[in-house]
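Listed below, chain by chain, are the residues.
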Protein chains: 2
Amino acid sequence: MLWSGWGDPAKARELPDQIRRLLHDLMGVSAPAPAVAIDEVKLPPAPLPGVALAELREAVGAAHVRDDHEARVRHTRGKSTPDLLRIRAGDGSDAPGAVVLPGSHEEVLRVLEVCGRHGVAVVPFGGGTSVVGGVTSDVTGGGVIALDLARLDRLVSVDTESMVAELEPGLRAPDAERLLGEHGLTLGHFPQSYEYATLGGFAAARSSGQASAGYGRFDDMVVGMTVATPAGTLDLGRAPKSGAGPDLRQLVLGSEGAFGVITSLRLRVRRIPAETVYEGWRFESFAAGSAAMRALAQAGSLPTVLRLSDETETMIGLAKPEAIGSGDAGCLLIAGHEKDRQPAAAVLAQAGGTYLGAEPGQAWAHGRFAAPYLRDSLLAAGATVETLETATFWANLPRLYDAVRLALLGALGTPLVMCHISHVYETGASLYFTVVTGHGLAAWESAKREVNAAIVAAGGTISHHHGVGRDHREAYAEEIGPLGVEILRAVKERLDPAGIMNPGVLIPSPPRPAG
Amino acid sequence: MLWSGWGDPAKARELPDQIRRLLHDLMGVSAPAPAVAIDEVKLPPAPLPGVALAELREAVGAAHVRDDHEARVRHTRGKSTPDLLRIRAGDGSDAPGAVVLPGSHEEVLRVLEVCGRHGVAVVPFGGGTSVVGGVTSDVTGGGVIALDLARLDRLVSVDTESMVAELEPGLRAPDAERLLGEHGLTLGHFPQSYEYATLGGFAAARSSGQASAGYGRFDDMVVGMTVATPAGTLDLGRAPKSGAGPDLRQLVLGSEGAFGVITSLRLRVRRIPAETVYEGWRFESFAAGSAAMRALAQAGSLPTVLRLSDETETMIGLAKPEAIGSGDAGCLLIAGHEKDRQPAAAVLAQAGGTYLGAEPGQAWAHGRFAAPYLRDSLLAAGATVETLETATFWANLPRLYDAVRLALLGALGTPLVMCHISHVYETGASLYFTVVTGHGLAAWESAKREVNAAIVAAGGTISHHHGVGRDHREAYAEEIGPLGVEILRAVKERLDPAGIMNPGVLIPSPPRPAG
């Protein structure tokens, strides 16, 4: 992973000329903005207390505690655009004092024990792909470690009768697919961060992948889990579903490391499909396309992949990053089928869609993980590009769409705002926005606050699949209300009495006493 | 509802002669065991503190606070067999001091405030159909009220675009279906308690209905909810699914009144199907039948209703209560289809099933809510009949089935033990046991403890759809572990600091300090 951007530097792409022209003409972007060299990134000097460091080395083995410059840079923040802009400018002020790599559940428990005793904060770190500040703690430097789960990378067991596999959280998605593939199995979880994100991160942040229409969200796949917390071990999930009390798995899913560290996942798996066929459809408008998606979801005829670009995204051609700038009129819908495509095709045609054949679908499938590389090129060209997303019930979708667009336009002047729907349910859907602007970090962060407020005001959830992290913390508190926050605080105080787990993420600090 | 049994007394049924003979020959049952008259039920005398009673009358209106003998008897415990045996014997010792019927969310909040101030416990009461002690509190008589939700019985709104309806928790299921039916809609939730259970109870106890293969469990239907707690109001659910933090809806679902009172539910609804076709299939063995169900679930070809009786249940004919005793060999599978039945039929035939036509299916559908009436007749004849259920992953199902049967046989000598699978998932299924014995209450309660331990030891969940209540509390604590219990306690202490909400249900009391 490129420390200052996304993915494999060999896959970096030049911006097409049309895009450069568009950036210049519409947004006045022209100044290239290169990243500093990694050696120039400034880190907080404070080391961990010597005793803590010694005890951590004892706990996981000296080779698995790293405090060299590169390791610390590589564990500084996640991959949001503000994160990248800061690190590209040489700002490593949020770096942890050390990176600790435990090799087992027991070692994780030991690390938490040591850190609890020394008051050292712990940021669980999987692929480091958070785009919401999910791996950036309140505490920096010598007061915090990154707990990197890379060594917990085994496929523990496969049960092909129950179609359940036990996997460790540090597995990157492609490695998990490779290990399961040897058994003819797949998770079917392909978010845009697929190439680098880990299973533990998917669970901790309630990830949702591009094939969610067919495979469900990641939280739908989790049937059991083991969690190491400062207060001990949780082992949850004795059946697919239970009527016995609250579903505590759903309290850990989405907890973003604030309660503990997921050390094992029992996941529902499926047979690898013989073939997946991707195809394109055109709709006259975003409203017509989303009505077609709703019809599919409510008829129970969902394909595996279903994605609708709005007019702007279709025009720009963002669904086909390989052919960016060559987009079309109307709204492009991509459908991916693993089974009989006829039921879905009949509903789409009935809803006014024009069949475009397989080419647009194949183009999308080919470029589906390319967008983050494109972002690097845009950042290097001096543009700011970021994504944000939300979800709501169908009847509220147009209001939420308008509210987010208006907030972005109001805050940023003339940004390019594109949107797609990529996750649908019987009762509602997500909206995923991509924004390109010539404004810099400060303007973006101010716009982001306004969009967050607009989403809450328009009845949406603050995130459908990126999570809360630090960037959505205050808006999330509004979403679940003061009593919802109190529930999370109560759970955190019981599982993490010293408050060492990912402080500042998910849960707002208690209001300070007056006076 | 019959105070001493189930349902409408006019629907009471005589036991067929075959059953009487079987009870006598196999279990030595012959003595009829009639119920006392309602006037003879002994209630605890202690009234509520006068000030509390006055304030409750103030809060909800004097007409909506009842402390007459009949109201108190009718709110004493639920409908488990031990509950019925006790009340039939005149034991009303768990009766509440009064029954309070609030008419709105605000009135519920006020009742909780009054009760919190006076230290009066609150048992939320819907249909009163719990079979696990879910409406039986640690506190009795003047120290507790039943909070009856019968007046919260409105269909608040219908959104046919999102296919979401807002309904109040006191609605009985048939009334909810009638109100939704005027819009052409249905919940599709038909548990055996359907005729009397309420929506709030379904949510609070994570109910699962007979059409769960097609409609999902009740918790799958809940997209939003409002909850009145002693600490204030929770309002949850801004989207079908969210990536923003833990899913707090899943913490309230299954909380069984221990955290607060659900005062409104936003539920996913569907169009009423044009037709449902029920049919029967025969399999050679329970293993062959359950393998067929697994194949259906994993192929994504589930019908709406899917139920498989084991050899004993098939022989007794329990899937056709109207023709009890006339059962057949092998294992009877009932499938209910709302759409094209061919995909499921092909899988069932492929898995070795013999098609039996529509008659067995229609017979099951006709008698599907009759079993509780049959229980009354058995109790009156002096037999003890009770049900219990669990769930696990497919690979563990045979072990769990054997463990439960062995525990029952070991504890009760020669009971009649029947089982069916009625809820299936890709990764596992439920097991639902019906037990008939000539032993009385004490022997049953001892057997129940042994079965609970056997379920936990065999890796099952202590309940797939009846809930925890008081009867599964200790086994549930083992299932989720000490840290799981601590999570529930932490949430309860924050939402219900005075500990007035349904005390003794769901959450075991903290261990007493030693010495």
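Here, every reference points to the structure presented above.
Residues numbered from 1 in each chain as written. Chains lettered and ligands numbered in written order. Predicted model: local features only at pLDDT ≥ 70, side-chain atom pairs only at ≥ 80, totals over all residues. Heavy atoms only, no water.

Structural notes on the sheet that holds strand S3 (residues 121-125) of chain B
All names here are of chain B. Taken in spatial order, the four strands make up an open sheet running S1-S2-S4-S3, and their pairing is mixed. Every interior strand has two partners, whereas the edge strands, strand S1 (65-66) and S3, have only one. In this structure, strand S2 (residues 96-100) lies alongside strand S4 (residues 141-148), joined through four bridges in parallel fashion. Note on S4: the bridge partner recorded for proline 96 is glycine 141. Sitting on the sheet, helix H5 (residues 105-118) is in contact with S2, S3 and S4, with an inclination near 170° to S4. (Pairing = 2+ DSSP bridges. Helix = DSSP H or I, 4+ residues; strand = E, 2+ residues; numbered from the N terminus. Contact = heavy atoms within 4.5 Å. Axes fitted to C-alpha atoms, helices over the stretch in contact; angles between N-to-C directions.)

With respect to the environment of A:Gly243
Inspection of the secondary structure assignment puts A:Gly243 in the loop between strand S9 (232-236) and helix H10 (249-252). The exposure class assigned to A:Gly243 is buried, which follows from its relative accessible area of 0%. Taking the C-alpha atoms as reference, A:Gly243 lies 33 Å from A:Gly181; in sequence the two are 62 residues apart. What A:Gly243 contacts, discounting residues up to four positions off in sequence, is B:Ala205, B:Arg206, B:Arg217, B:Glu256, B:Ser463, B:His464, B:His465, B:Gly467 and B:Val468. (Buried < 20%, exposed > 50% of the residue type's maximum accessible area, 1.4 Å probe, protein only.)

A short note on the side chain of A:Arg249
Residues and elements named next belong to chain A. One can find arginine 249 in helix H10. Looking at arginine 249, its side chain comes within polar contact range of the side chain of aspartate 247, at 3.0 Å. Excluding its chain neighbours within four sequence positions, the residues that come into contact with arginine 249 are Val222, Val223, Gly224, Met225, Leu236, Gly237, Ala239, Pro240 and Lys241. (Polar contact = N/O pair within 3.5 Å; in protein donor to acceptor, adjacent residues only side chain to side chain.)

Things to note about the relation of the copies chain A and chain B
Each copy of the chain is related to the other by a rotation around an axis and a translation along that axis. Once chain A is rotated about the relating axis by 180° and shifted along it by 0.0 Å, it coincides with chain B to within an RMSD of 0.0 Å. Accordingly, the operation relating the two chain copies is best matched by a two-fold axis. Closest approach to the rotation axis within chain A is made by the C-alpha atom of A:Ala490, at a distance of 2.7 Å. A share of 100% of the interface residues of chain A reappears at the interface of chain B, consistent with the copies meeting face to face through the same patch. (Least-squares fit on C-alpha atoms with pLDDT ≥ 70 in both.)

Some thoughts on the interface of chain A and chain B
The interface of chain A with chain B comprises 80 residues on the first partner and 80 residues on the second. For the pair chain A and chain B, the two sides together bury roughly 6000 Å², of which 60% comes from carbon and sulfur. The largest share of the area that chain A buries against chain B comes from A:Arg238, A:Leu483 and A:Arg494, three residues that together contribute 14% of it. Our count for the contact surface shared by chain A and chain B stands at 10 salt bridges. (Buried area = accessible area lost by both parts, 1.4 Å probe. Salt bridge = Lys/Arg side-chain N within 4 Å of Asp/Glu carboxyl O.)

What to know about helix H16 (residues 397-412) of chain A
Residues and elements named next belong to chain A. Taking 1.5 Å per residue as the helical rise, H16 with its 16 residues ought to reach 22 Å, and the 23 Å between its terminal C-alpha atoms agrees with that figure. Looking at H16, one finds that the buried residues are Leu397, Leu400, Tyr401, Ala403, Val404, Ala407, Leu408 and Leu412. Buried positions in H16, seen along its axis, are confined to an arc of 165° and lie on one side of it. Along H16, exposed side chains directed more than 90 degrees from the buried face belong to Leu406 and Gly410. At its buried positions, H16 is contacted by helix H11 (286-299), helix H12 (311-316), strand S16 (384-393), strand S17 (416-421), strand S18 (428-437) and helix H17 (441-457). One or two steps after H16, the chain reaches glycine 413, where phi turns positive at roughly 75°. (Expected span 1.5 Å × (residues − 1). Arc of directions from axis to C-beta.)

Concerning the packing of aromatic side chains
Counted according to the given criterion, the structure contains 16 aromatic pairs over all chains. Here A:Phe202 and A:Phe218 contribute two aromatic rings whose centre-to-centre distance is 5.3 Å and whose plane-to-plane angle is 55°, an arrangement assigned as tilted. Linking A:Phe202 in helix H7 (residues 199-204) with A:Phe218 in helix H9 (residues 218-221), this pair joins segments that are 16 residues apart in sequence. The two residues A:Phe202 and A:Phe218 agree in class, both being buried. A centroid spacing of 5.5 Å and a plane angle of 80° characterise the contact between B:Trp6 and B:Tyr196, whose relative ring orientation is edge-to-face. (Phe/Tyr/Trp six-rings, centres within 6.5 Å; stacked < 30°, edge-to-face > 60°.)

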